[in-house]
Amino acid sequence: MDIFYGTGVAMVTPFHADGQIDYNGLRNLIEHLIDGGVEYLVSLGTTGESATLSEAERKQVWAFTAEVVNKRVGLVAGIGGNNTHEVVEQIKSFDTEGYDAILSASPHYNKPTQEGIYQHYRAIAQNTKLPIILYNVPSRTGSTISAETTVRLAKEFKNIIGIKEASGNFDLFNQLMRDKPEDFLFISGDDPVTLSMMALGGVGAISVIGNALPRQLSDMVRLLLNNDYKGAHEAHFNLIEFTRLMFAEGSPAGVKTALKQLGICGDTVRLPLVQVSEKTADAIAVELKKLAPVAVKA
């Protein structure tokens, strides 16, 4: 699982102004990320606005992405939901060609018990040969995968290889890092605290800001993997304000604004999301000119 050591990017899904998927923009984004030196890409995680795509659109995006990537970097598909049977059926019908793993967020809205979360992932693990990365994001799902449940899953299912952690709960992180199997991957899913999480032993990040600044982010992650904390601190501090702006009015609206300013794709999002305000867009432009002055389009 060496490809998951380093920087993954939870890719946005570019849309035309009329809301249709912009495949040329998606191609531009993929090339931008590969050129930026990331280790792997995540197609249709929550950052990809997967909740607003139809089943047909999701299949088209996955197939197109695999074709363009062409095994040049690792590739992960985001497949999750709060109907376990439906998630399992999606996974059974998923064309795995070109994909290295599945990222699956814990069930949203239902607020299952820890036993319910365990049984949900048990069903997934028993119905795919692909490696599975758990995704703990309580701010979106309304429930938390406890450290105990994560460790239980990690020990019982060999194809559950890691977790994208975005709970912000360092008590949970400490317990998880103490008790998990040695080869189980602890991955940051929260850009503002990637440095802190990797200091605990994390192997990298699945990032939002990396859509816009893959080189800057992947350089920081490599510094951390090489235990160069002085260099990583400088890179982290340089990214703080940009990172804050990416989430100031919701994700992925912020990073889509940055991508538009970089000339990679448009900033259209699908309702119920809306584009960021002019004030925030102007602030993003200021930060981008500091961090990627050559790339910013006039």
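Residues numbered from 1 in each chain as written. Predicted model: local features only at pLDDT ≥ 70, side-chain atom pairs only at ≥ 80, totals over all residues. Heavy atoms only, no water.

**Student:** Before we go on, may I ask you to explain the side chain of Lys180 in this structure?
**Tutor:** Counting through the fold element by element, Lys180 comes out in the loop between helix H7 (170-179) and strand E7 (185-188). With sequence-adjacent residues up to four places away left out, Lys180 is seen in contact with Val151 and Phe186. (Helix = DSSP H or I, 4+ residues; strand = E, 2+ residues; numbered from the N terminus. Contact = heavy atoms within 4.5 Å.)

**Student:** What is the right way to look at the environment of Ser104 in this model?
**Tutor:** You can see Ser104 is positioned in strand E4 (residues 101-105). Ser104 sits in the buried class, given a relative accessible area of 0%. Sequence separation between Ser104 and Thr128 is 24 residues; the distance between their C-alpha atoms is 12 Å. Once you skip the residues sitting within four places of it in the chain, Ser104 turns out to touch Ile79, Gly80, Tyr121, Ile124, Ile133, Leu134 and Tyr135. At 2.7 Å, the side chain of Ser104 forms a polar contact with the backbone oxygen of Ile79. (Buried < 20%, exposed > 50% of the residue type's maximum accessible area, 1.4 Å probe, protein only. Polar contact = N/O pair within 3.5 Å; in protein donor to acceptor, adjacent residues only side chain to side chain.)

**Student:** When you look at the pattern of salt bridges in this model, what are you seeing that I'm missing?
**Tutor:** Where side chains of opposite charge bring their charged atoms close, a pairing between them can arise. In this structure the tally under the stated criterion is 14 salt bridges. Residues Glu97 and Lys71 are paired through a salt bridge, measuring 3.6 Å at the closest nitrogen-oxygen approach. One end of the pair, Glu97, is in the loop between helix H3 (84-93) and E4; the other, Lys71, is in the loop between helix H2 (55-69) and strand E3 (74-78), with 26 residues separating them in the sequence. Taking relative accessible area as the criterion, Lys71 reaches 63% and is therefore assigned exposed. Among the salt bridges present, the one from Glu156 reaches Arg152, with a minimum N-O distance of 3.7 Å. With Glu156 and Arg152 both in helix H6 (residues 147-156) and four residues apart, this pair spans about one turn of that helix. Given a relative accessible area of 44%, Glu156 falls into the partly exposed group. With relative accessibility at 32%, the residue Arg152 sits in the partly exposed group. Through salt bridges with shared partners, a single network forms among Glu39, Asp219 and Arg222. (Salt bridge = Lys/Arg side-chain N within 4 Å of Asp/Glu carboxyl O.)

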